[in-house]
Structures are given as C-alpha cells and as structure tokens.
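Spelled out, the chains give:
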Amino acid sequence: MSTSAASTAFKNAHRLHVQSLYKRSLKLSLDWYIQRDLWRQKALDIRAQFERNKHITSPKELQAIIAKTEQELKDWAHPDPYKLPMGPEGTKWERNLPPLMVCNIHTHIYINLWVYI
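Source: prediction; values computed, not measured.

## What to know about the pattern of salt bridges
Two side chains bearing opposite charge may form a pair once their charged atoms approach each other closely. Counted by the stated rule, this structure contains 4 salt bridges. Notably, a salt bridge pairs K68 with E72, separated by 3.7 Å at the nearest N-O pair. Within this pair, K68 and its partner E72 are both found in helix α3 (residues 59–75), separated by 4 residues, close to a single helical turn. Overall, the relative accessible area of 54% leaves K68 in the exposed class. Relative accessible area serves as the criterion here: at 39%, E72 is assigned to the partly exposed category. Each of R47, E51 and K54 takes part in salt bridges that share partners, so that together they form one network.

So this is what it looks like as structure tokens:
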C-alpha cells in the first residue's frame, strides 16, 4: 500500500469516526432537549464545536480531541434517555395488543377439568 493510499484510508476512517461522533452528539442532545426549538440551538452549538476543530491535521491533536469528545459524550449521557412512545420500551409499546388466542383443544380440556373439580 502506498503512502497516499494509506493517507486516504486514514482520512476516510477519520471522517467516518468524526461523523459518528457528531451524530451521537446530536442524538444525545435530544435526550436533554425534547422541544425542537431549544434543541436546534444546542445542535448549532455542537456544529460550531466540530467546525472549530476542522482545521486540525496533527494526528496526536486529533486523537486527543476525539478522546476528549468521547469522554464528554459518556459524561453527558442522560440517566433516562428519551424513547419514542411507539418504539421498544416506549410508553405506548405493545399497548392494547389483541388478546392471545388460545387453542380450542386446551380451552376445552381446561373447562372440562374445571367442571369436574
């Protein structure tokens, strides 16, 4: 692998990792700011933080900034993250499910046993 190919591979991997951090930051901020108008300002602040570090090219500096961002995401994790109401573990998850259909043979046997007891 040539040097330019390795450099390109590093840049692509780094870009994907930074995009992942940015997306995680936005999703995490939604746990704290449920109202979109308040969240939008926080999203702009997050974008500004990422833009501020856009010019850095030193691998050691990049590694330090990424480690710091990862730690901030861990520290800022919400103790009770927001869940969509209809999503798994949401407030309406599996609400009003149709009743379970019981096999007629088992129902018949159960009823017969109940009658004889």
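## Concerning the layout of surface pockets
Estimates place the volume of the largest pocket at around 890 Å³. V18, Q49, F50, E51 and N53 are the residues nearest the centre of the largest pocket, which is lined by 27 residues in total. For the lining of the largest pocket, the elements supplying multiple residues, two or more each, are α1 (3–32), α2 (36–52) and α3. Among the elements that line the lining of the largest pocket, the one with the most residues is α1, at 8 residues. Here the residues of the lining of the largest pocket are counted per class, giving 12 nonpolar, 7 polar and 8 charged. What lines the second largest pocket is simply K27, L30, D31, I34, R36, Y82, K83 and L84. The greatest single-element share of the lining of the second largest pocket, amounting to 3 residues, is contributed by α1.

## Some thoughts on the environment of L21
With respect to the helices, strands and loops of the structure, L21 is situated in helix α1. Along the primary structure L21 and L73 are separated by 52 residues, whereas in three dimensions their C-alpha atoms are 8.6 Å apart. In this view, L21 contacts F50, I66, T69, E70 and L73; residues no more than four positions away in its chain are not counted.

## Concerning the packing of aromatic side chains
Evaluated as defined, the whole model comprises 2 aromatic pairs. Seen from their ring centres, Y22 and F50 are 5.3 Å apart, and the 75 degrees between their planes marks the pair as edge-to-face. Taken together, the residues Y22 in helix α1 and F50 in helix α2 connect sequence positions 28 residues apart. Between the aromatic rings of W32 and W76, the centroid separation amounts to 6.2 Å while the plane-to-plane angle is 20 degrees, which identifies the pairing as stacked. Of the two residues, W32 is situated in helix α1 and W76 in the loop between α3 and α4 (104–116); the sequence distance between them amounts to 44 residues. Taking the ring centre of W39 as reference, the NZ or CZ of R36 above it sits at 5.1 Å.

## Re the side chain of S29
Inspection of the secondary structure puts S29 in helix α1. On the basis of relative accessibility, which here comes to 0%, the residue S29 falls in the buried class. Side chain to side chain, S29 and W39 meet in a polar contact 2.7 Å long.

Calculation criteria
Residues numbered from 1 in each chain as written. Predicted model: local features only at pLDDT ≥ 70, side-chain atom pairs only at ≥ 80, totals over all residues. Heavy atoms only, no water. Salt bridge = Lys/Arg side-chain N within 4 Å of Asp/Glu carboxyl O. Helix = DSSP H or I, 4+ residues; strand = E, 2+ residues; numbered from the N terminus. Buried < 20%, exposed > 50% of the residue type's maximum accessible area, 1.4 Å probe, protein only. 1 Å grid on protein atoms, 1.4 Å probe; cavity = no way out; pocket = protein on both sides within 12 Å on 5 of 7 lines; lining within 4 Å. Points joined across faces, edges and corners; volume = space filled by probe spheres on them. Nonpolar A, V, L, I, M, F, W, Y, C, P; charged D, E, K, R; others polar. Contact = heavy atoms within 4.5 Å. Phe/Tyr/Trp six-rings, centres within 6.5 Å; stacked < 30°, edge-to-face > 60°. Lys NZ or Arg CZ within 6 Å of the ring centre and 35° of its normal. Polar contact = N/O pair within 3.5 Å; in protein donor to acceptor, adjacent residues only side chain to side chain.

These values are about where atoms sit, not about what they do.
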